[in-house]
Amino acid sequence: MTVLDTDGSLTCHVFDGEQVGTQVSGAGAPLLSMRGITKRFGAVEALVGVDFEVHAHEVVALVGDNGAGKSTLAKMVAGVLAPDAGFIEIAGQPVTIPSPAAAQDLGVATVFQDLALCENLDVTANLFLGRELHGAVSRDDAEMERVTREVLDKLASRIPSVRTPLSHLSAGQRQTVAIARTLIGAPQIVVLDEPTAALSVVQTAEVLMHIERLRDLGLGVILISHNMTDVRAVSDRIEVLRHGRNNGSYDASSTSFEEIIAAITGATHAERGLRSVS
Amino acid sequence: MTRKAAAGSQTSLREANKALVLETVQHWGGLTQVELAAATGLSQATVSTIVRELLGVGVVETAVTTRSGRRAQLVTVARRMGLAVGIQVSHRQLRIVLGDFGHTVLAEQTLPLPNEHRLDTSLDRAALLVVDLLERMGSTLDEVVGIGVGVPAPVDVDTGMISVRGLMRGWDDVHLGHTLSKRLACPVSVDNDANLGALAESTLGAGRAYRDSVFVRASYGTGAGVVIGGRVHRGYAGTAGEIGHVQVDPLGDICRCGNRGCLDTVVGASALVEPLRASLGALALRDVVQRARDGDPGCARVIADAGAQIGAVVAGLGMAVNPQVVIVGGELAETGEVLLGPMREAISRRVLINQIAPLEVVPAALGSRAEVMGALLLALQTADVPVRVDIEEEKVG
């Protein structure tokens, strides 16, 4: 993909040696690497020089207070917002993500908080909305149902029929459909924005199991959530944002609730250049 | 539904219809006969005949209910006197099963848990999961005769408290059973997870044919459950079989329990993951298990060495107990012979070979479900059954 200047403000950011040094990593090139990402809305500094990366077979949680910049960063990955400055690389190639369609072409699938599903359509139709499969003569419904069943099986979901209209499904099942939809078109990176908000415990359990499945399928998952229990349960790495800046990167399996809460609330400050690189 | 089209003879059609009705009842938990006819596409007369047949063989139960003001016949899968709940709290997962007295699992759910999960959050989530699962089956807490809970630490069964401090951070000094039973208003029994695995395997699994067996749980930590004469031997304070805290390295690291060089410091989750960090990067324990299954030599090596080390300690237990079989469960056992091969060798090299019943080392027949099934069995076994039967009979009469 060529680098496109979407608007005049997009500039390339030049790094000092120290920051480039953090790119050295043991497990090959990351699926997604964002360096020095900056975004301003008028006087609001949404993101200031944020670094972020996701590897294959990894769940990275993005946590922070309201307004810390989590969703802004996610929207950039999804192609909804363009950064004012900074580098984005996907699988080692520098890219810009000017639109959601471009994000999809680059292998990024996103589930936003409102899920964006159609109540009146069935599960299959929702999965293939806007990218229906076509046979020789007409729409290939049988093939779409087969793929839908296959994807739901991959997630070990509890949706009984692929022909059930969305309006008959519970909140948890809808979340499942939204996650399943991301798997159509074989993505490499899945962005989940607050997937467990407003779900019952049993539905949360199912969604968390789905996230583990996505990871086992070798995808890179970006998980945005306020629930520290859910975040620590399924993620490998936790990236803390505070006032639009990186405030620490933590190994989820060895970091306590307290350390993460401290970073979110600003009780501790991560020093640049001391970030752990997995 | 297209199933009923698959008709050869009249009999196969009837069989297929019967299966369809039962499947539908199972799926929805409970349906009236009218609803059942609508859901299956069968005629009311056919549904009525099939339900009568299924009722005759005790597969379903019927009860009188009302739907839109009319009397209706509610059909449910026979719950044989009540339901029980099994809960397994492990280091990174909460597993829950709902089952009946026929040991049939009616619903189950797994919830991933964070490392060092908190007592209050986890018990709260467990309680909510139980209620959610019951609701999914169209049932309520009134039907639950008991709840069994397994935790990865020795438990004093009488008080339902963890009997050794420091093994589960933040879980000490709490009456786990009491806390949950107050919340859910039914009797709760608590036990060690390896003991529950031993109970399940000796009742339903690989230990059924033997009077004396040992269940080894190789997971984030290691434990064992000892069955003597068909009964789980827990010891006075529930620490029997805690092989994870047998010293294997006098110069080793300090364990959570305060002693030095315990087996868990050598084969616990972090001890297995750390040596792989340099070559394979940061892995979770389940990654190591998965990769060992897929044939990654480094991961297989780590699991195999753990098998040998656990085997050496199990051999000591084997000398003390003289079981006929060692049953191996827990996450590491999912690698099959990668773990079991070296473990078997280490055990057989150390125990006295007797001519009458050479010690066997086999995988858990219930697989990763052994412990949670044990929790279900514990709940069923400690439930006050006779009283329930009286109530049921009164209701019927």
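Our structure is the block above this text.
The structure reproduced in this document is the subject of the present report. (Residues numbered from 1 in each chain as written. Chains lettered and ligands numbered in written order. Predicted model: local features only at pLDDT ≥ 70, side-chain atom pairs only at ≥ 80, totals over all residues. Heavy atoms only, no water.)

### Observations concerning the nonpolar core
Residues and elements named next belong to chain B.
Okay, step 1: If you look at the biggest cluster of nonpolar residues, it comprises 73 residues, and the most contacted ones within it are Ile 87 and Val 151.
Okay, step 2: The contact partners of Ile 87, leaving out residues within four places of it in the chain, are Leu 94, Arg 95, Ile 96, Ala 126, Val 130, Ile 147, Gly 148, Val 149, Gly 150, Leu 180, Val 372 and Ala 375.
Okay, step 3: If you look at the next biggest cluster of nonpolar residues, it comprises 38 residues, including Val 226, Ile 303, Val 313 and Val 326. (Core = buried A, V, L, I, M, F, W, Y, C linked by side-chain atoms within 4.5 Å. Buried < 20%, exposed > 50% of the residue type's maximum accessible area, 1.4 Å probe, protein only. Contact = heavy atoms within 4.5 Å.)

### Describing the sheet that holds strand β14 (residues 325-329) of chain B
All names here are of chain B.
Okay, step 1: The sheet built from five strands is open, its strands ordered β13-β12-β11-β14-β15 with mixed pairing. The open sheet has two edge strands with one neighbour each: β13 (231-233) and β15 (360-363). Strand-to-strand twist in this sheet, taken as the mean axis angle between neighbours without regard to direction, amounts to 30 degrees.
Okay, step 2: Bridge count between strand β12 (residues 222-228) and β13: three bridges; the pairing is antiparallel. Along β13, the bridge assignment pairs Ile 228 with Arg 231. (Pairing = 2+ DSSP bridges. Helix = DSSP H or I, 4+ residues; strand = E, 2+ residues; numbered from the N terminus. Axes fitted to C-alpha atoms, helices over the stretch in contact; angles between N-to-C directions.)

### Things to note about the interface of chain A and chain B
Okay, step 1: If you look at the interface, chain A gives 25 residues, while chain B gives 23 residues.
Okay, step 2: At the boundary of chain A with chain B, total buried surface from both sides reaches about 2,100 Å², with 51% on carbon and sulfur atoms.
Okay, step 3: Put simply, chain A and chain B have five salt bridges between them.
Okay, step 4: The shortest N-O distance in the salt bridge between Asp216(A) and Arg286(B) comes to 3.0 Å.
Okay, step 5: Counting across the interface, chain A meets chain B through ten residue pairs in polar contact (both at pLDDT 80 or more).
Okay, step 6: For the side of chain A that touches chain B, the elements supplying multiple residues, two or more each, are α7 (201-216), α8 (228-234) and α9 (257-265) of chain A.
Okay, step 7: Ranked by residues supplied to the side of chain A that touches chain B, first place goes to α7(A) with ten residues.
Okay, step 8: Residues belonging to the side of chain A that touches chain B are distributed by class as follows: nine nonpolar, seven polar and nine charged. (Buried area = accessible area lost by both parts, 1.4 Å probe. Salt bridge = Lys/Arg side-chain N within 4 Å of Asp/Glu carboxyl O. Polar contact = N/O pair within 3.5 Å; in protein donor to acceptor, adjacent residues only side chain to side chain. Nonpolar A, V, L, I, M, F, W, Y, C, P; charged D, E, K, R; others polar.)

### As for the sheet that holds strand β2 (residues 44-54) of chain A
All names here are of chain A.
Okay, step 1: Read across the open sheet, the four strands follow the order β2-β1-β4-β5; overall the sheet is antiparallel. Each edge of the sheet is formed by a strand with only one pairing partner; in this case those strands are β2 and β5 (93-94).
Okay, step 2: Where strand β1 (residues 32-41) and strand β4 (residues 85-90) come together, five bridges link them in antiparallel fashion. Bridged to Leu 32 within β4 is Ile 90.
Okay, step 3: Contacting β1 and β2, helix α2 (residues 70-77) crosses the sheet at an angle of about 120 degrees to β1.

### Here's the deal with unusual backbone geometry
Okay, step 1: Here the phi dihedral of His57(A) falls at roughly 60 degrees; this positive angle occurs in a residue that is not glycine.
Okay, step 2: Positionally, His57(A) belongs in the loop between β2 and β3 (58-63).
Okay, step 3: In this model, Asp173(B) sits at a positive phi of 60 degrees, which is unusual for a non-glycine residue.

### Some points on helix α5 (residues 176-184) of chain B
Residue and element names in this part refer to chain B.
Okay, step 1: For α5, the complete set of buried residues consists of Leu 176, Gly 177, Leu 180 and Leu 184. On an axial view of α5, the arc spanned by its buried residues comes to 90 degrees, and they lie on one face.
Okay, step 2: On its buried side, α5 packs onto β4 (83-89), α4 (119-136), β7 (144-151), β9 (161-162) and β10 (188-192).
Okay, step 3: One or two positions beyond α5, positive phi appears at Ala 185, with a value near 55 degrees. (Arc of directions from axis to C-beta.)

### Points about helix α13 (residues 370-382) of chain B
Residues spaced three or four apart along an α-helix point in a common direction, a consequence of the helix completing one turn every 3.6 residues.
All names here are of chain B.
Okay, step 1: Across its 13 residues, α13 extends 18 Å between first and last C-alpha, which sits within 8% of the 18 Å expected from 1.5 Å per residue.
Okay, step 2: Within α13, eleven of the 13 residues are buried, leaving the element largely enclosed by the surrounding structure.
Okay, step 3: By the burial criterion, the buried members of α13 are Ala 370, Glu 371, Val 372, Met 373, Gly 374, Ala 375, Leu 376, Leu 377, Leu 378, Ala 379 and Leu 380. (Expected span 1.5 Å × (residues − 1).)

### Overview of the pairing of β4(B)
Residue and element names in this part refer to chain B.
Okay, step 1: Across the seven residues of β4, seven count as buried, placing the element largely inside the fold.
Okay, step 2: Of the two faces of β4, the one carrying Leu 83, Val 85, Ile 87 and Val 89 and the one carrying Ala 84, Gly 86 and Gln 88 are both buried.
Okay, step 3: Where β4 lies against strand β5 (residues 93-100), seven bridges are found, and the strand directions are antiparallel. Bridged to Gly 86 within β5 is Val 97.

### Let's talk about the pairing of strand β6 (residues 105-112) of chain B
All names here are of chain B.
Okay, step 1: Pairing of β5 with β6 involves seven bridges; the strand directions are antiparallel. Pairing of Gly 99 across the sheet is with Val 105, part of β6.
Okay, step 2: What sits between β5 and β6 in their antiparallel hairpin is a turn of four residues, with His 103 showing a positive phi close to 60 degrees.

### A short note on the environment of Val149(B)
All names here are of chain B.
Okay, step 1: Relative to the helices and strands, Val 149 is located in strand β7.
Okay, step 2: Using a relative accessible area of 4% as the deciding quantity, one classes Val 149 as buried.
Okay, step 3: It is 16 Å that separates the C-alpha atoms of Val 149 and Ala 107, two residues lying 42 residues apart in sequence.
Okay, step 4: When near neighbours in sequence (up to four residues on either side) are disregarded, Val 149 contacts Ile 87, Val 89, Leu 180, Val 188, Ser 189, Val 190, Asp 191, Leu 196 and Ala 375.

### Looking at the packing of helix α11 (residues 297-321) of chain B against helix α12 (residues 337-350) of chain B
Residue and element names in this part refer to chain B.
Okay, step 1: One way to put it is that α11 packs onto α12 with a least axis distance of 7 Å and a crossing angle of 35 degrees. Viewed along their axes, α11 and α12 form a crossing whose handedness is right-handed. Of the residues in α12, those touching α11 at Ala 300, Ile 303, Ala 304, Gly 307, Ala 308, Ile 310, Gly 311, Ala 312, Val 314, Ala 315 and Met 319 are Val 338, Leu 339, Pro 342, Met 343, Ala 346, Ile 347 and Arg 350.
Okay, step 2: Classifying every residue of the contact of α11 with α12 gives 15 nonpolar, two polar and one charged. (Left-handed = near helix turned anticlockwise from the far one by under 90°.)

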